[in-house]
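A closer look at the structure
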Amino acid sequence: AVTHLTHNLVLCDTITGQNTVLGNIGVVLGEPVALCWDPTTDIMFMLTASPNNLYTVNINTGTASFVASVNLFPQFSLLSGAISNGGSFYAILHTSDSTNPYLIKINKTTGEGQVRGVMFGGASQGPQGISFDRRPGGFLWWTRYRANGESDLMFIDTVSAQITQAAALPDSTQIDGLIFTDNIVGINNTLHIL
């Protein structure tokens, strides 16, 4: 995680909740909005908004190094980002229509962006946080708010830009982020006799 005011890179223990400061990311232009781990290169990337910039973050010292400006629609702000299992980098770019932000694909070397679709919120609010599921070729998931304050779980196929509502989340209010983990759902013991 990155702390809001001091911009420290923090390691959070998911069991105890204990935080350990790894270091300060240093002077960056813009407000950090996403930390994204690239499983194909073992590099941590960070996106900032206003201005929209791309950085790498050293996970040992916490320091950030500027890579490039995300140059697609600089008048709008980045909100969130995620990297797929295959290393593709996607981000949400809010537009003047906050209910229908763009999904963009970002080049991790040049910062060049490419619109991959519109993440329709309809009468609802657009997505706040995004995350890829952990399957090979997995989908990009997000939640959107409904007018009644509840949320919907949505996913998008980043190749076809086809959007699907997976589930209504009736007991939720304004979910801002999500993440997928590997979970064991069962163990199948097989006895082999030779």
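Now for a quick tour of the structure. As the structure is a prediction and not an experimental result, all values here were calculated from the model. (Residues numbered from 1 in each chain as written. Predicted model: local features only at pLDDT ≥ 70, side-chain atom pairs only at ≥ 80, totals over all residues. Heavy atoms only, no water.)

Section: the sheet that holds strand β8 (residues 89-93)
- One open sheet holds the 4 strands; their spatial order is β7-β8-β9-β10, and the pairing between them is antiparallel. Strand pairing shows two members of the sheet lacking a second neighbour, β7 (78-83) and β10 (113-118), which therefore form its edges. Put simply, the sheet's adjacent strands are angled 30° from each other on average, direction ignored.
- In terms of strand pairing, β8 meets strand β9 (residues 102-106) through 5 bridges, oriented antiparallel. In the strand pairing of β9, Ala91 is matched with Ile104. (Pairing = 2+ DSSP bridges. Helix = DSSP H or I, 4+ residues; strand = E, 2+ residues; numbered from the N terminus. Axes fitted to C-alpha atoms, helices over the stretch in contact; angles between N-to-C directions.)

Here we look at the nonpolar core
- Leu47, Leu54, Val70, Leu78, Phe89, Ile104 and Ile106 are the most contacted members of the largest nonpolar core, which totals 15 residues.
- Looking at this core, the elements that each hand over two or more residues are β3 (31-38), β4 (43-49), β7, β8 and β9.
- If one sorts the elements of this core by residue count, β8 sits on top with 3 residues. (Core = buried A, V, L, I, M, F, W, Y, C linked by side-chain atoms within 4.5 Å. Buried < 20%, exposed > 50% of the residue type's maximum accessible area, 1.4 Å probe, protein only.)

Overview of the side chain of Ser84
- With respect to the helices, strands and loops of the structure, Ser84 is situated in the loop between β7 and β8.
- Residues contacting Ser84, with those up to four places away along its chain left out, are Pro39 and Phe132. (Contact = heavy atoms within 4.5 Å.)

Considerations on the pattern of salt bridges
- A complete count under the given rule lists 1 salt bridge for this structure.
- In this structure, Asp38 engages Lys108 in a salt bridge whose closest nitrogen and oxygen atoms are separated by 2.4 Å. With Asp38 in strand β3 and Lys108 in the loop between β9 and β10, this pair connects stretches of sequence that are 70 residues apart.
- Here Asp38 falls in the buried class, since its relative accessible area comes to 0%.
- Note on Lys108: relative accessible area 22%, which makes it partly exposed. (Salt bridge = Lys/Arg side-chain N within 4 Å of Asp/Glu carboxyl O.)

Overview of unusual backbone geometry
- Look at the link from Ser50 to Pro51: it is a cis peptide, with omega at 5°.
- Position of Pro51 relative to the elements: it lies in the loop between β4 and β5 (53-57).
- Despite not being glycine, His7 has its phi angle at roughly 55°, a positive value.
- Here His7 is to be found in the segment before β1 (8-12).
- Taking the relative accessible area as the measure of exposure, His7 reaches 14% and is therefore buried.
- Not every positive phi belongs to a glycine, and Phe73 is a case in point at roughly 50°.
- By the element assignment, Phe73 lies in the loop between β6 (64-69) and β7.

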